[in-house]
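Observations on chain architecture
This is what each chain is made of:
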Amino acid sequence: LLKPYQPMLRPAMFWVFVVQMLSIVEPAFITWGIDSFVRHGRAVKPWIVPYAGEMLVVVLLIGLTVVAKNRSIRKVIFQVEEGIYLDCVKKLLSLPLAFHLRENTGSLIGKVIKGVGRLTDMVGIVYWEILPLLVQTLVTVAVVFYLSPGVAVVILVAVIFFLYLT
């Protein structure tokens with residue numbers, strides 16, 4: 001059902017991945033800035049400006065990528081909703097007159113509208129909730145695996161068990 005829309009789904013996935021990666025890096029930049037500030041004293045020194053600039057750039061980059069991600073997801077949802085609804089209406093209009101005399105087509109169109117709404121809700125949930133969580137979990141497990149493989153295995157088992165339960 002969503003196959004014709006796959007070329008539009010890929011940019012949305014890309015933006016979700018970029019936003020999640022930047023949101024993982026952001027705390028590291030802020031931590032480095034605060035740690036260097038505390039380590040060198042509280043007086044504002046010339047070396048603090050680059051750290052503040054880096055933090056500002058990262059925050060602005062995240063903001064811009066979030067806007068791009070949201071626009072991309074909204075575009076996909078709009079295209080999916082409009083395209084599937086029009087395809088369903090075309091299919092209904094192409095049916096023979098006997099079908100329209102026999103069936104309550106107004107009720108049928110209402111069901112189509114509800115179905116299209118549920119489908120677009122599902123696409124939104126996948127792109128705004130599930131995909132970001134999946135990317136963040138996989139990247140976190142990969143970093144933890146690099147630092148401590150045993151802890152990563154425990155986290156991975158817990159995630160798999162949680163996914164099985166839900």
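Residues numbered from 1 in each chain as written. Predicted model: local features only at pLDDT ≥ 70, side-chain atom pairs only at ≥ 80, totals over all residues. Heavy atoms only, no water.

Turning our eyes to something else, we now look at the overall build of the protein chain. Each helix and strand in the protein chain was counted, giving five helices and zero strands. Tracing the protein chain from N to C terminus, the helices and strands come up as α-α-α-α-α. Here the C-alpha atoms of the protein chain give a radius of gyration of 24 Å, more than 25% beyond the 15 Å that 2.2 N^0.38 yields for 166 residues. With respect to the three principal axes, the spread of C-alpha positions in the protein chain is 85 × 40 × 25 Å. The buried share among the 166 residues of the protein chain stands at 24%. Partitioning the intrachain contacts of the protein chain with sequence separation of at least 6 by distance along the chain shows that 76% fall at a separation of at least 24. Separation between the mean location of the 15 positive side-chain charges and that of the 9 negative ones in the protein chain comes to 3 Å. (Helix = DSSP H or I, 4+ residues; strand = E, 2+ residues; numbered from the N terminus. Rg over C-alpha atoms; globule rule 2.2 N^0.38 Å. Buried < 20%, exposed > 50% of the residue type's maximum accessible area, 1.4 Å probe, protein only. Contact = heavy atoms within 4.5 Å. Lys, Arg positive; Asp, Glu negative; His and termini not counted. Charge placed at Lys NZ, Arg CZ, Asp CG, Glu CD.)

Inspection of every chain in the model, using the stated rule, returns one salt bridge. Between Glu103 and Arg102 there is a salt bridge, with its nearest N and O atoms 3.9 Å apart. (Salt bridge = Lys/Arg side-chain N within 4 Å of Asp/Glu carboxyl O.)

The subject of this paragraph is the confidence of the model for the protein chain. Residues at a pLDDT of 70 or more form 93% of the protein chain, whose mean pLDDT is 83. Looking over the protein chain, one finds the lowest element-wise mean pLDDT in helix 1 (residues 6-39), namely 80, and the highest in helix 5 (residues 149-165), namely 89. (pLDDT = per-residue confidence, 0-100.)

Another point: the layout of surface pockets. Empty space within the largest pocket amounts to approximately 260 Å³. Lining the largest pocket are Ile130, Leu133, Leu134, Thr137, Leu138, Leu156, Val159, Phe162, Leu163 and Thr166. For the lining of the largest pocket, the secondary structure elements donating two or more residues are helix 4 (105-147) and helix 5. It is helix 4 that provides the largest number of residues to the lining of the largest pocket, a total of five residues. Of the residues belonging to the lining of the largest pocket, the class tally is eight nonpolar, two polar and no charged. (1 Å grid on protein atoms, 1.4 Å probe; cavity = no way out; pocket = protein on both sides within 12 Å on 5 of 7 lines; lining within 4 Å. Points joined across faces, edges and corners; volume = space filled by probe spheres on them. Nonpolar A, V, L, I, M, F, W, Y, C, P; charged D, E, K, R; others polar.)

Further remarks concern the packing of aromatic side chains. Considering all chains together, one arrives at one aromatic pair under this definition. Ring plane angle 70° and centroid distance 5.3 Å describe the contact between Phe14 and Trp15, whose orientation is recorded as edge-to-face. (Phe/Tyr/Trp six-rings, centres within 6.5 Å; stacked < 30°, edge-to-face > 60°.)

Before going further, it helps to spend a moment on the packing of helix 4 against helix 5. Closest axis-to-axis distance for the helix 4/helix 5 pair is 6 Å, and the angle between their directions is 155°. If you check the angle between helix 4 and helix 5, you find them roughly antiparallel. Along its contact with helix 4, which presents Thr137, Val141, Val144, Phe145 and Leu147, the element helix 5 presents Pro149, Val151, Ala152, Ile155, Leu156 and Val159. For the contact of helix 4 with helix 5, the per-class residue count stands at 10 nonpolar, one polar and no charged. (Axes fitted to C-alpha atoms, helices over the stretch in contact; angles between N-to-C directions. Parallel < 35°, antiparallel > 145°, perpendicular 65-115°, else oblique.)

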